[in-house]
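# Fold and geometry: a report
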Amino acid sequence: MDKRNLSVVSEFMLLGLCQSWNKQVLLLLIFCMLYLIIVSGNIVIMILIITDPRLHSPMYFLLANLSFVDMWLSSVTTPKMITDFVRENKTISFGGCMCQILFVHFVGGGEMVLLVVMAYDRYVAICKPLHYSTIMNLQKCIGLVVTSWTIGFVHAMSQMAVIVQLPFCGPREIDSFFCDIPLVIKLACIDSYNLGILMNADSGVLAMTCFILLLISYTYILLTVHQSSKAGTSRALSTCTAHITVVVLFFGPCIFIYVWPLSITWVDKFLAVFYSVITPLLNPAIYTLRNKEIKNALKRFRGYYLHSKKNINA
């Protein structure tokens, strides 16, 4: 049979997080508030880093890029989920579904590599402080960020090259609030078991490689600070704690989804929400609450805004 005659599905049905109308109204309010906090929080961090000269350093340049990535990672899936709470038919077109898969893996893969870059920045700052300004110059930072986006794009395109060629002719219900590779592959009109394992392995290899590199980086950092003074150890651990927390929160769900798939619906949905909503929400909170420079920059920005407002009123 001609494969072109098999791909007759023009849209998919998203089953969402729950079926109860009352719960959906509650979730609508909750996720609307969370999404506004995610966008506004990450935008504030980017504005502070761009406008405050004291934050013009490699670490904060990378942090601004992380905020940008987090904002887009949440924006790929959350607005669609919010609008679906008030819709009876939660459908998504075939093209829209493919776009979600593309951008989730593009942005998610880029963030994985970016977190490795941030760990490398901390490794150089703590383990090779005398050479830090030479190694982590602006050109090097831009190159590393471009590399992270390039790897994310190549990873996403490698997935899409397979997914878009699959024949879809029967089932079209996706038991989630967005399209993801493991769920979409199950709907293909072929024996997809081996293909599902292969595609999960593709994402799993990227996640585990980045996670191992992160472990190596922070192991070197901990070994280095262990040999230094207690004051140096305290400062280094304070600097790295936020990074380590973000790494655990981001890679935990990814590893369970793609490396160790549980195939338990409510667990998969919880991990998907955590990955796409909670992590982008916690990142700005972690970095702002634990980082004195960011908090001081916020105070300076607030003072400058109030001073400007007084001058205008006068």
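Residues numbered from 1 in each chain as written. Predicted model: local features only at pLDDT ≥ 70, side-chain atom pairs only at ≥ 80, totals over all residues. Heavy atoms only, no water.

If you look the chain up in an unreviewed UniProt entry, it shows as Olfactory receptor from Bos indicus. We quote the UniProt Function (unreviewed entry) comment for the chain here in full: "Putative odorant or sperm cell receptor." The UniProt entry for the chain carries this comment under Sequence similarities (unreviewed entry): "Belongs to the G-protein coupled receptor 1 family." (UniProt positions renumbered as here; feature names shortened; annotations may be inferred.)

We now examine the pattern of salt bridges. If you walk through the whole model with that rule in mind, you get 6 salt bridges. Across the pair Asp 84 and Lys 80 runs a salt bridge whose closest N-O atoms are separated by 3.3 Å. In this pair, Asp 84 and Lys 80 are both assigned in helix α2 (residues 58-84), 4 residues apart and thus about one turn of the helix distant. Note on Asp 84: relative accessible area 4%, which makes it buried. Judged by relative accessible area, Lys 80 falls into the buried class, the value being 16%. Bridged by salt links that share partners, the residues Lys 80, Asp 84 and Arg 87 form one connected network. (Salt bridge = Lys/Arg side-chain N within 4 Å of Asp/Glu carboxyl O. Helix = DSSP H or I, 4+ residues; strand = E, 2+ residues; numbered from the N terminus. Buried < 20%, exposed > 50% of the residue type's maximum accessible area, 1.4 Å probe, protein only.)

Attention now goes to a positive patch on the surface. There is a patch of like positive charges on the surface, built from Lys 292, Lys 295, Lys 299 and Arg 302. With respect to the helices and strands, the residue Arg 302 is situated in helix α10 (residues 292-313). (Patch = residues over 30% accessible without salt bridge, like charges linked within 9 Å, V, L, I, M, F, W, Y side chains within 5 Å. Areas by Shrake-Rupley, 256 points an atom, 1.4 Å probe, with all protein chains shown as cover. Lys, Arg positive; Asp, Glu negative; His and termini not counted. Charge placed at Lys NZ, Arg CZ, Asp CG, Glu CD.)

What follows covers the nonpolar core. Counting residues in each nonpolar core, the largest one holds 68 residues, and the members touching the most others are Phe 31, Ile 49, Leu 63, Met 112, Phe 250 and Phe 251. Every element with two or more residues in this core is listed here: α1 (21-51), α2, α3 (94-127), α5 (138-163), α7 (193-226), α8 (230-259), α9 (265-290) and α10. A total of 12 residues in this core trace back to one element, the largest contributor, which is α3. Once residues within four sequence positions are removed from consideration, Phe 250 is found in contact with Leu 73, Gly 108, Glu 111, Met 112, Leu 115, Tyr 275 and Thr 279. Phe 12, Leu 102, Ala 156 and Leu 166 belong to the second-largest nonpolar core, a separate cluster that totals 23 residues. (Core = buried A, V, L, I, M, F, W, Y, C linked by side-chain atoms within 4.5 Å. Contact = heavy atoms within 4.5 Å.)

Attention now moves to the packing of aromatic side chains. In the structure shown here, the tally under the stated rule is 15 aromatic pairs. Centroid distance Phe 106 to Phe 153: 5.7 Å. Interplanar angle 80°. Geometry classified as edge-to-face. Note that Phe 106 is positioned in helix α3 and Phe 153 in helix α5, a separation of 47 residues in sequence. With centroids separated by 5.5 Å and ring planes inclined at 80°, the aromatic side chains of Phe 250 and Phe 251 adopt a geometry described as edge-to-face. A relative accessible area of 0% means that Phe 251 is categorised as buried. (Phe/Tyr/Trp six-rings, centres within 6.5 Å; stacked < 30°, edge-to-face > 60°.)

Tallied over the full model, the rule gives 2 disulfides. With a sulfur-sulfur separation of 2.1 Å, Cys 97 is cross-linked through a disulfide to Cys 179. The disulfide joining Cys 97 to Cys 179 has a torsion of about -125° about its S-S bond and is therefore left-handed. Placement of the pair is Cys 97 in helix α3 and Cys 179 in the loop between β3 (173-174) and α6 (181-185), with a sequence separation of 82 residues. With relative accessibility at 0%, the residue Cys 97 sits in the buried group. (Disulfide = S-S within 2.5 Å.)

In this sheet, strand β2 (residues 91-93) lies alongside strand β1 (residues 11-14) in antiparallel orientation, the contact comprising 3 bridges. Each bridged residue has a counterpart across the sheet, and for Phe 12 the counterpart in β2 is Ile 92. In the sheet, β1 pairs with β3 via 2 bridges, with the strands oriented parallel. Paired with Leu 14 across the strands is Ile 174, a residue of β3. (Pairing = 2+ DSSP bridges.)

Glancing now at the side chain of Lys 80. Reaching out from Lys 80, the side chain makes a polar contact with the backbone oxygen of Thr 91 at a distance of 2.6 Å. Every residue in contact with Lys 80, bar those within four places of it in the chain, is listed here: Leu 14, Arg 87, Thr 91, Ile 92 and Gln 100. (Polar contact = N/O pair within 3.5 Å; in protein donor to acceptor, adjacent residues only side chain to side chain.)

Bringing the sheet that holds β3 into the picture now. One open sheet holds the 3 strands; their spatial order is β2-β1-β3, and the pairing between them is mixed. Looking at the sheet topology across the chains shown, the edges are occupied by β2 and β3. Along the sheet face, α3 touches β1, β2 and β3 and points at about 85° away from the line of β2. (Axes fitted to C-alpha atoms, helices over the stretch in contact; angles between N-to-C directions.)

In this section: a nonpolar patch on the surface. A contiguous nonpolar patch, built from Trp 21, Val 25, Leu 29 and Val 86 and spanning about 410 Å² of accessible area, is present on the exposed surface. Examined against the element boundaries, Trp 21 turns out to sit in helix α1. The exposed category is assigned to Trp 21, whose relative accessible area is 51%.

So, on to the environment of Ala 119. As for its position among the elements, Ala 119 is in helix α3. Among the residues examined, Ala 119 registers a relative accessible area of 0% and is labelled buried. Put simply, Ala 119 and Ile 216 are 97 residues apart on the chain and 9.5 Å apart in space, counted from C-alpha to C-alpha. For Ala 119, the contacting residues outside a window of four places in its chain are Leu 214, Ser 217, Tyr 218 and Ile 221.

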